[in-house]
Amino acid sequence: MPALSILLTGATGYVGGLFLPLLESRGHRVRCLVRRPDRLRQRACPATEIVVGDVRDPASLSLAMAGIDVAVYLVHSMGSAGSFEQADREAARLFGAAAAAAGVRRIVYLGGLGDDRDDLSPHLRSRRETGDVLRESGVPVIELRASIVIGAGSLSFEPGVRLTRRRGE
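Overview of the structure. Values in this document were obtained by computation on a predicted structure and should not be read as measured data. (Residues numbered from 1 in each chain as written. Predicted model: local features only at pLDDT ≥ 70, side-chain atom pairs only at ≥ 80, totals over all residues. Heavy atoms only, no water.)

### What to know about the packing of aromatic side chains
Any aromatic ring pair is given by two values, namely how distant the centres are and how the planes are angled relative to each other. Under the counting rule described, the total for this entry stands at two aromatic pairs. Seen in terms of ring centroids, Y73 and Y109 are 6.0 Å apart; in terms of plane orientation they differ by 50 degrees. Their pairing is tilted. Of the two residues, Y73 is situated in strand 4 (residues 70-73) and Y109 in strand 5 (residues 106-112); the sequence distance between them amounts to 36 residues. For Y73, a relative accessible area of 0% translates into the label buried. Relative accessible area serves as the criterion here: at 0%, Y109 is assigned to the buried category. (Phe/Tyr/Trp six-rings, centres within 6.5 Å; stacked < 30°, edge-to-face > 60°. Helix = DSSP H or I, 4+ residues; strand = E, 2+ residues; numbered from the N terminus. Buried < 20%, exposed > 50% of the residue type's maximum accessible area, 1.4 Å probe, protein only.)

### Quick notes on the pairing of strand 4
Residues V70 and V72 of strand 4 are buried on one face, and the alternating residues A71 and Y73, pointing to the opposite face, are buried as well. Note: strand 4 against strand 5, four bridges, orientation parallel. Residue pairing for strand 5: V72 is matched across the bridge by V108. (Pairing = 2+ DSSP bridges.)

### Examining helix 1 (residues 14-25)
When helix 1 is considered as a whole, its buried residues turn out to be G16, L20, L23 and E24. All buried residues of helix 1 fall inside an arc of 95 degrees around its axis, so they share one side. Along its buried surface, helix 1 packs onto strand 1 (5-9) and strand 2 (29-34). Positive phi shows up at G27, right after helix 1, with a value of about 80 degrees. (Arc of directions from axis to C-beta. Contact = heavy atoms within 4.5 Å.)

### Observations regarding the nonpolar core
In this structure, M65, Y73 and F95 are the most contacted members of the largest nonpolar core, which totals 24 residues. Elements supplying a minimum of two residues to this core: helix 2 (58-65), strand 4, helix 3 (84-102), strand 5 and helix 4 (122-136). For this core, the leading source of residues is helix 3, giving six residues. Not counting residues up to four positions away in its chain, the partners in contact with Y73 are T9, V55, D88, A91, A92, F95, I107, V108, Y109, L110, T130 and L134. In terms of nonpolar packing, the next biggest core, distinct from the first, is built from 14 residues, A11, L40, V72 and V108 among them. (Core = buried A, V, L, I, M, F, W, Y, C linked by side-chain atoms within 4.5 Å.)

### Some details on helix 2
Of all the positions in helix 2, only S60, L61, A64 and M65 are classed as buried. Angularly, the buried residues of helix 2 cover 125 degrees about the axis, an arc narrow enough to put them on a single face. In helix 2, the exposed positions that point more than 90 degrees away from the buried face belong to A59 and L63.

### Side note on the sheet that holds strand 4
Taken together, the six strands give an open sheet; going across it, the order is 3-2-1-4-5-6, and neighbouring strands pair in parallel fashion. Each end of this open sheet is capped by a strand with a single partner; those strands are strand 3 (49-52) and strand 6 (141-146). When strand polarity is set aside, the average angle formed by the axes of neighbouring strands in this sheet is 20 degrees. Pairing geometry for strand 1 and strand 4, over three bridges, is parallel. Paired with I6 across the two strands is V70, which belongs to strand 4. Most of the contacts of helix 1 go to strand 1, to which it runs at about 165 degrees, and overall it touches strand 1, strand 2, strand 4 and strand 5. Running over the sheet, helix 2 touches strand 1, strand 2, strand 3 and strand 4 and is turned about 170 degrees from strand 2. (Axes fitted to C-alpha atoms, helices over the stretch in contact; angles between N-to-C directions.)

Encoded structure:
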């Protein structure tokens, strides 16, 4: 398979941190869009390009998308100030528009379980809507749906570890 030019968002998160070395080891040209490059520089290969920006900043998105074949969207706004649903919606809209303008061939998105008929939590509704908004861009989207991602260092794992330690005391 020929090397692809891949934009990875969420590279400083748990899933992105696992995904980055896989992309690098397979010879792909990887570019990461990050808000805090100091959290990534020591972990990324020297050949990995780091672009400082944000998925809600059109200028940094335009720069990050230039020359990209596949854009990986591992962003979630839960925990941000204000409405995370609105932040997710806006970020997905801007990301999709930038991908379309740059001629990106595919977006890969990690969403959540559930379908339109389900009575979903606000979190899962937002994950579902994010996939819909990305598809509205016209760029083909591969949407992977996970129920929960747990592993040492993940946001879902650490509260369980703390709870277990406290109960054992």
